Amino acid sequence: MKKIVFTFALITLLAGSLLAEVEKVAIVNFQRVGHSEYVYNAMKNKDFQSVFDEDNNLELIKLKDADKVFKSLGYDYIGTAEAAAIGTELNANFVIWGSVSVVDIATFKVQLTVYSMITKDVFPIIFDVTKKKEERIEAIKINLVIKIKDSVSAEIQKLLDIGLQQFNSKNLQSAEESFLSLVKIDPTIVETYLYLGAIKFLQKDYQKSSEFYEQGLELDPENVTMLDYLSKTYEKLGEYEAAAGNLEKIVELDENNKEVWYRIGSIYTEIEYFDEAQAAFEKAVELDPNYAEAQLALGILFYDQEMYDAAIQPLEFATNAYPDIDSLQKKLAKCYLKTGKLKNAIAKYKEVLIEQPQNVNAYLNLAGAYRVTDQNDEALKTLLSLKKIAPNEPKVFFRLADVYLAMKNNTKAAEMANLAMGLDNKLYDSYLILAQINFNYGYEKYEKFLDYEEKYKDKSVYYGEKADKLVADRDKVKQEAYDFFCQEESFLNKAQERTDDPSALKEISGKRDILKQLKAATKPGGF
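Residues numbered from 1 in each chain as written. Predicted model: local features only at pLDDT ≥ 70, side-chain atom pairs only at ≥ 80, totals over all residues. Heavy atoms only, no water.

Moving on, we come to the sheet that holds strand 3 (residues 94-102). Taken together, the five strands give an open sheet; going across it, the order is 2-1-3-4-5, and neighbouring strands pair in mixed fashion. Looking along the sheet, the strands with just one partner apiece sit at the ends: strand 2 (58-60) and strand 5 (122-129). For this sheet, the mean angle separating the axes of adjacent strands, direction not counted, is 25°. As paired elements, strand 4 (residues 108-116) and strand 5 share eight bridges and run antiparallel to each other. Across the sheet, the residue bridging to Y115 is V122, located in strand 5. Relative to the sheet, helix 5 (residues 133-168) contacts strand 1 (23-33), strand 2, strand 3, strand 4 and strand 5, its axis offset from that of strand 5 by approximately 165°. (Pairing = 2+ DSSP bridges. Helix = DSSP H or I, 4+ residues; strand = E, 2+ residues; numbered from the N terminus. Axes fitted to C-alpha atoms, helices over the stretch in contact; angles between N-to-C directions. Contact = heavy atoms within 4.5 Å.)

Now the structure itself:
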């Protein structure tokens, strides 16, 4: 998954979408001080309502309704706790309280306190008004309305900064709360749903993640980033067709996106829509013939469908691009064999070695070609020659181990596998070979166990002390088989921890299926 990058451009975009939703304002317990009755009545009964009626983004809750709630709650004064309770009761975004007092015969001072229900911030507003209506109206607009709007911008900026900081510090629960608060301020900010979807994805709540992404796409159906992340979420939910569908929407917008074509092919391969997968991989390769991942995927797709001739070209490319993936050389050799081109391939590898006697990959390819035709002596000879050239190359040793396994020399195979492991214990191949060796030993014991079981049925021969000895031998060999199978399982676990190669994982999975049955059959106790 690509990392989500939050940039200043996003902050600007969020700030630019302010006040898409109406902000509700409650003015409560507005009082007069001294001989300010005329201005007080004018502001409370007409001015405030008139100013807010002109603004499409702000809505003033009727003052009588606000005062009614204030009185019903039984408050004598207002602090932040009381303001929060009043705001909740009135479903307001801002709660304002204060007074108007006399400065001189022509001037009056308005002192207000504003409480934000979202950020819980409190800020004062102080300004002067006169008895002239137009001047009062203008003063309210400049000093109250504009500052409320500025505070909304500040709220979004603050919540965004907090949310990003929490997200980047992996405090996902708090980040989620911050972004949900942004949704309350303005549910039309597309990117907010991207953050929320990402948070839920990281929390492995894939269903909720998809819902957030879908909400974002309702607002912006062509948002490529959202389509991309929703596709990954659908994959986690096992909704592969929906995942591919989202990616196909991306290539409708940008048909030259090779990475997306590759991902489409990978998803269709997963659900065995092979024609669609082939078309997607081929499109990726068409856009970039050197796109190794797509060449590899296309080659394996052809190989798995036994389309060996078609598989040769992409597998040749992949073996050159990924010389460390040992299984590719074996697949390519099999393709040569199945298409009658193996002799030509062997001749080609030999020619390369004549021209480039130090070419490690040519040796490995030649050995692989010999192995696929069971020419194990030739494969061994080739690899022993390579061992002299590359004595510190671990793959030489686990390829030797593979040949010794084929020659049923478990001791030499284990020796080579351990040498390879000593050179690099992070490669899975040696552990897989050691797992196979333990399987071989365990299965030999298992067959002896089955033989003892069969003999024990003949009561004409096995009774008394003879039967007791047979039972003891049977139990001993059964335990030995079980121990070898447990050791095999341990090596399979270590191999799996060290690879993400699909072919290797598939092989490990197959071995586990057989192993599960054999462990059950040899588990100590009961027959």
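For the rest of this paragraph, the subject is the environment of T192. Within the secondary structure layout, T192 lies in helix 7 (residues 190-202). The exposure class assigned to T192 is buried, which follows from its relative accessible area of 1%. For T192 and K334, which are 142 residues apart along the polypeptide, the C-alpha to C-alpha distance reads 52 Å. (Buried < 20%, exposed > 50% of the residue type's maximum accessible area, 1.4 Å probe, protein only.)

What follows deals with the pairing of strand 1. Here three bridges tie strand 1 to strand 2, and the two strands are oriented parallel to one another. Residue pairing across strands places K24 opposite E59, the latter belonging to strand 2. Note that strand 1 and strand 3 share seven bridges and pair parallel. Among the inter-strand pairings, V33 is bridged to a residue of strand 3, identified as S101.

Right, let's get into the environment of L202. Structurally, L202 is set in helix 7. When its relative accessible area of 46% is taken as the criterion, L202 is described as partly exposed. Through-space distance from the C-alpha of L202 to that of V51 is 46 Å; in sequence the pair is 151 residues apart. Excluding anything up to four places from it in sequence, L202 contacts F167 and L172.

A positive phi angle, close to 65°, is found at K204, a residue other than glycine. By relative accessible area, K204 is classed as exposed at 62%. Even without being glycine, D374 reaches a positive phi, approximately 60°. Considering the arrangement of structural elements, one finds D374 in the loop between helix 17 (360-372) and helix 18 (376-389).

It is worth spelling out the layout of surface pockets at this point. As a volume, the second largest pocket reaches approximately 360 Å³. For the lining of the second largest pocket, the elements supplying multiple residues, two or more each, are strand 1, helix 4 (80-90) and helix 6 (172-185). The element that contributes the greatest number of residues to the lining of the second largest pocket is helix 6, accounting for five residues. Along the lines of polarity and charge, the residues of the lining of the second largest pocket split into six nonpolar, five polar and six charged. (1 Å grid on protein atoms, 1.4 Å probe; cavity = no way out; pocket = protein on both sides within 12 Å on 5 of 7 lines; lining within 4 Å. Points joined across faces, edges and corners; volume = space filled by probe spheres on them. Nonpolar A, V, L, I, M, F, W, Y, C, P; charged D, E, K, R; others polar.)

Within the largest apolar cluster, 140 residues are counted, with the highest numbers of intra-cluster contacts made by V25, F48, L144 and F179. No other element matches helix 5, which puts 12 residues into this core. Discounting residues that sit within four places of it in the chain, F48 has contacts with I27, F30, M43, L60, L63, I140 and L144. One finds A26, A66, I78 and Y115 within the second-largest nonpolar core, a separate group that totals 15 residues. (Core = buried A, V, L, I, M, F, W, Y, C linked by side-chain atoms within 4.5 Å.)

This part covers the confidence of the model for the protein. The predicted model of the protein averages 89 in pLDDT, with 96% of residues at 70 or higher. Per-element averaging of pLDDT across the protein places helix 1 (residues 8-16) at the bottom with 38 and helix 12 (residues 274-287) at the top with 96. In the model, residues 1-20 has pLDDT below 50 throughout and makes 32 contacts with residues more than four positions away in sequence or in other chains. (pLDDT = per-residue confidence, 0-100.)

Between its first and last C-alpha, helix 14 (residues 308-321) extends 19 Å over 14 residues, near the 20 Å set by a 1.5 Å rise per residue. Residue P314 marks the point of greatest curvature in helix 14, where the axis turns by about 35°. Of the positions making up helix 14, those classed as buried are Y308, A311, I312, P314, L315, A318 and T319. Check the buried side of helix 14 and you find it contacts helix 13 (292-304) and helix 15 (326-338). (Expected span 1.5 Å × (residues − 1). Bend = angle between axes of the 7 residues up to and from the residue.)

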